[in-house]
Amino acid sequence: MPLKIELKPRESIIIGDALITNDNDRIRFYIDGKVPILREKFILREKDATTPARRVYFIVQQMYLSKGSKQLQELFIEYIRDLQNAAPSLHPFVAPVAEAMIKNDYYAAIKEAAKLIEQEDKLFGAALKGEKA
C-alpha cells in the first residue's frame, strides 16, 4: 500500500537523498517503494546540530537517509560517548537510541533521539540558550 504524503505550502520533505520543497499550494502524492522519507518536522540541519543530543540526532538521521555507513557509525559512537560524558543523567534516554541503532532500525532511533533532545533541553534548557537559570 503506498504511503500518502500531504505537504503544506512551502513545506519540505526528504525522499531518499533529495530535499523536496513544496511551492505555494497544498499538495498530496503517494510513494510506493522502500525509500527513506523524512518530513520537515523531523529534519535537523547540520548547522542546527549544536548540542551533544542534537549531534547524535543528526548522525542518526544521516544514517537513516544513507541506510547506514561505517564512517557514520564511528561518529555515532563518538557522539554518544561525548553525550554520556557531558550528561550521565541522560543515559536512560541514550540507551533506547543505541538499542535501535544496534537493530539497524534507524527510524525508531530518530524517534528516540528526538526524546533525547527533549530531555537535554529540560536538563540544560536555559544554559543552552545562553540564559540565566
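Structure: above.
Residues numbered from 1 in each chain as written. Predicted model: local features only at pLDDT ≥ 70, side-chain atom pairs only at ≥ 80, totals over all residues. Heavy atoms only, no water.

Observations regarding helix α3 (residues 91-102)
So, point 1. The end-to-end C-alpha separation of α3 is 16 Å, in line with the 16 Å expected for 12 residues at 1.5 Å each.
So, point 2. When we look at burial in α3, the residues that qualify are Val 94, Val 97, Ala 100 and Met 101. On an axial view of α3, the arc spanned by its buried residues comes to 125°, and they lie on one face. Among the exposed residues of α3, those pointing more than 90 degrees away from its buried face are Pro 92 and Ile 102. (Helix = DSSP H or I, 4+ residues; strand = E, 2+ residues; numbered from the N terminus. Expected span 1.5 Å × (residues − 1). Buried < 20%, exposed > 50% of the residue type's maximum accessible area, 1.4 Å probe, protein only. Arc of directions from axis to C-beta.)

Observations concerning the side chain of Glu 120
So, point 1. Along the polypeptide, Glu 120 turns up in helix α4 (residues 106-128).
So, point 2. A distance of 2.6 Å separates the side chain of Glu 120 from the side chain of Thr 51, its partner in a polar contact. (Polar contact = N/O pair within 3.5 Å; in protein donor to acceptor, adjacent residues only side chain to side chain.)

Here's the deal with the sheet that holds strand β3 (residues 18-21)
So, point 1. The strand order across the open sheet built from 3 strands is β3-β2-β5, with neighbouring strands paired in antiparallel fashion. Looking at which strands have only one partner, the edges of the open sheet turn out to be β3 and β5 (37-39). For this sheet, the mean angle separating the axes of adjacent strands, direction not counted, is 20°.
So, point 2. Of the strand pairs in this sheet, strand β2 (residues 12-15) and β3 are connected by 4 bridges, and their pairing is antiparallel. Paired with Ile 13 across the two strands is Ile 20, which belongs to β3. (Pairing = 2+ DSSP bridges. Axes fitted to C-alpha atoms, helices over the stretch in contact; angles between N-to-C directions.)

A look at the layout of surface pockets
So, point 1. Here the largest pocket defines a volume of roughly 240 Å³.
So, point 2. For the largest pocket, the lining is made up of 13 residues, of which Leu 3, Val 35, Pro 36, Ile 37 and Tyr 64 are closest to its centre.
So, point 3. Elements that contribute at least two residues to the lining of the largest pocket include exactly β1 (3-7) and β5.
So, point 4. The leading source of residues in the lining of the largest pocket is β5, at 3 residues.
So, point 5. In terms of residue class, the lining of the largest pocket is made up of 9 nonpolar, 1 polar and 3 charged.
So, point 6. By volume, the second largest pocket amounts to about 180 Å³.
So, point 7. Lining the second largest pocket are Met 63, Gln 73, Phe 76, Ile 77, Ile 80, Ala 98, Met 101, Ile 102, Asn 104 and Tyr 106.
So, point 8. Secondary structure elements with two or more residues in the lining of the second largest pocket: α2 (70-86) and α3.
So, point 9. Partitioning the lining of the second largest pocket into residue classes produces 8 nonpolar, 2 polar and no charged. (1 Å grid on protein atoms, 1.4 Å probe; cavity = no way out; pocket = protein on both sides within 12 Å on 5 of 7 lines; lining within 4 Å. Points joined across faces, edges and corners; volume = space filled by probe spheres on them. Nonpolar A, V, L, I, M, F, W, Y, C, P; charged D, E, K, R; others polar.)

None of this, on its own, says anything about what the molecule does.
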